[in-house]
Amino acid sequence: MIYGYIRVSTVKQASEGNSLEGQKKLLLENGVKEENIYKDIYTGTKSDRPSFNELINKLEQGDTLVVTKLDRFARSMIEGSKIVNELIDKGIRVNVLNIGVMDDTPSSKLIRNIFFSFAEFERDMIVERTREGKAIAKTKEGFKEGRPKSYTNKQLDHALSMLSING
């Protein structure tokens, strides 16, 4: 059986950039049936992802797992290598569309370790830039932690007053 896995980290990414739809389209073009595609909107830094766990438990010897890119598995070299090695050891074929079929040869191990290292590096750079941006923002007058409020206090008071008038 051929299975596919697609993942994005945020709801916003699900429709932009490396979207779920774009990944799904690539899997369908490469022989994965829609009912065999598992998806998560979950960070790649966590290995405990609901649909991914379900898929991993379903895979059996002789099955093929298809993903668009290696970083859909994980964002750390150690975690990603562990997952791919376990799948290969169970007799599951791993096809990463932008690299090829992973196997137990030394060159395949080297390639996936390099790609996982780059994925981990990319994730670390994102965290560093976020931390730097936050530090700069904290120095500015009026800085508030977290997301901006959707409604002002004046708007909320008005809505509450409307409720009391109509209620």
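Structure first, text after, so check above.
Residues numbered from 1 in each chain as written. Predicted model: local features only at pLDDT ≥ 70, side-chain atom pairs only at ≥ 80, totals over all residues. Heavy atoms only, no water.

Enquirer: Whenever I open this one, the sheet that holds strand E4 (residues 93-96) confuses me. Can you help?
Expert: What holds strands together in a sheet is hydrogen bonding between their backbones, with the strands either parallel or antiparallel. In space, the five strands of this open sheet follow the order E2-E1-E3-E4-E5, with mixed pairing throughout. A single partner strand is all that each edge strand has here, and the edge strands are strand E2 (37-41) and strand E5 (100-102). Taken over all neighbouring pairs, the strand axes of this sheet differ in orientation by 25 degrees on average, direction set aside. For strand E1 (residues 2-8) and E2, the ladder comprises five bridges, and the chain directions are parallel. Looking at E2, one finds that Ile6 is bridged to Lys39. (Pairing = 2+ DSSP bridges. Helix = DSSP H or I, 4+ residues; strand = E, 2+ residues; numbered from the N terminus. Axes fitted to C-alpha atoms, helices over the stretch in contact; angles between N-to-C directions.)

Enquirer: Looking at this model, I keep getting lost on the pairing of strand E3 (residues 64-67). Mind explaining?
Expert: Two faces, one strand: in a regular strand the side chains alternate between the faces of the sheet. On E3, burial covers both faces: Thr64 and Val66 on one face and Leu65 and Val67 on the other are all buried. In terms of strand pairing, E1 meets E3 through three bridges, oriented parallel. Across the sheet, the residue bridging to Ile2 is Thr64, located in E3. Sheet analysis places E3 next to E4, joined by four bridges and oriented parallel. The residue of E4 that forms the bridge with Val66 is Asn95. (Buried < 20%, exposed > 50% of the residue type's maximum accessible area, 1.4 Å probe, protein only.)

Enquirer: Just checking my understanding: could you explain the packing of aromatic side chains for this structure?
Expert: Two aromatic rings, taken as a pair, are described by how far apart their centres are and by the angle between their planes. Applying the stated rule across the entire model yields two aromatic pairs. On the basis of an interplanar angle of 55 degrees and a centroid distance of 6.3 Å, the ring pair of Tyr3 and Tyr38 is categorised as tilted. With Tyr3 in strand E1 and Tyr38 in strand E2, this residue pair connects regions lying 35 residues apart in the sequence. For Tyr3, a relative accessible area of 7% translates into the label buried. Directly above the aromatic system of Phe52 lies the positively charged group of Arg49, at a separation of 4.6 Å from the ring centroid. (Phe/Tyr/Trp six-rings, centres within 6.5 Å; stacked < 30°, edge-to-face > 60°. Lys NZ or Arg CZ within 6 Å of the ring centre and 35° of its normal.)

Enquirer: Where do I start with the side chain of Ser108 in this structure?
Expert: Within the element layout of this structure, Ser108 appears in helix H5 (residues 106-138). Discounting chain neighbours no more than four positions away, the residues touching Ser108 are Val101, Met102 and Asp103. (Contact = heavy atoms within 4.5 Å.)

Enquirer: Sorry, what's going on with the environment of Ser164 here?
Expert: Turning to its location among the elements, Ser164 is positioned in helix H6 (residues 153-166). The exposed category is assigned to Ser164, whose relative accessible area is 58%. When the C-alpha positions of Ser164 and Met1 are compared, they lie 60 Å apart, and in sequence the two are 163 residues distant.

Enquirer: So what exactly am I meant to see when it comes to the pattern of salt bridges here?
Expert: Applying the stated rule across the entire model yields three salt bridges. A salt bridge links Glu29 to Lys25; the nearest nitrogen and oxygen atoms lie 2.8 Å apart. Of this pair, Glu29 and Lys25 both sit in helix H2 (residues 20-29), four residues apart, which is roughly one turn of the helix. (Salt bridge = Lys/Arg side-chain N within 4 Å of Asp/Glu carboxyl O.)

Enquirer: For this particular structure, what's the right way to read helix H4 (residues 77-89)?
Expert: A turn of α-helix holds 3.6 residues, and therefore any two residues three or four places apart point the same way. The terminal C-alpha atoms of H4, which comprises 13 residues, lie 18 Å apart, in line with the 18 Å expected from a rise of 1.5 Å per residue. Among all positions in H4, only Gly80, Ser81, Ile83, Val84, Leu87 and Ile88 are buried. For H4, the angular spread of the buried residues around the axis is 160 degrees, confining them to a single face. Exposed and oriented more than 90 degrees from the buried face of H4 are Ile78 and Asp89. The inward-facing, buried residues of H4 abut helix H3 (50-58), E3, E4, E5 and H5. Gly91 sits one or two positions beyond H4 and adopts a positive phi of about 85 degrees. (Expected span 1.5 Å × (residues − 1). Arc of directions from axis to C-beta.)

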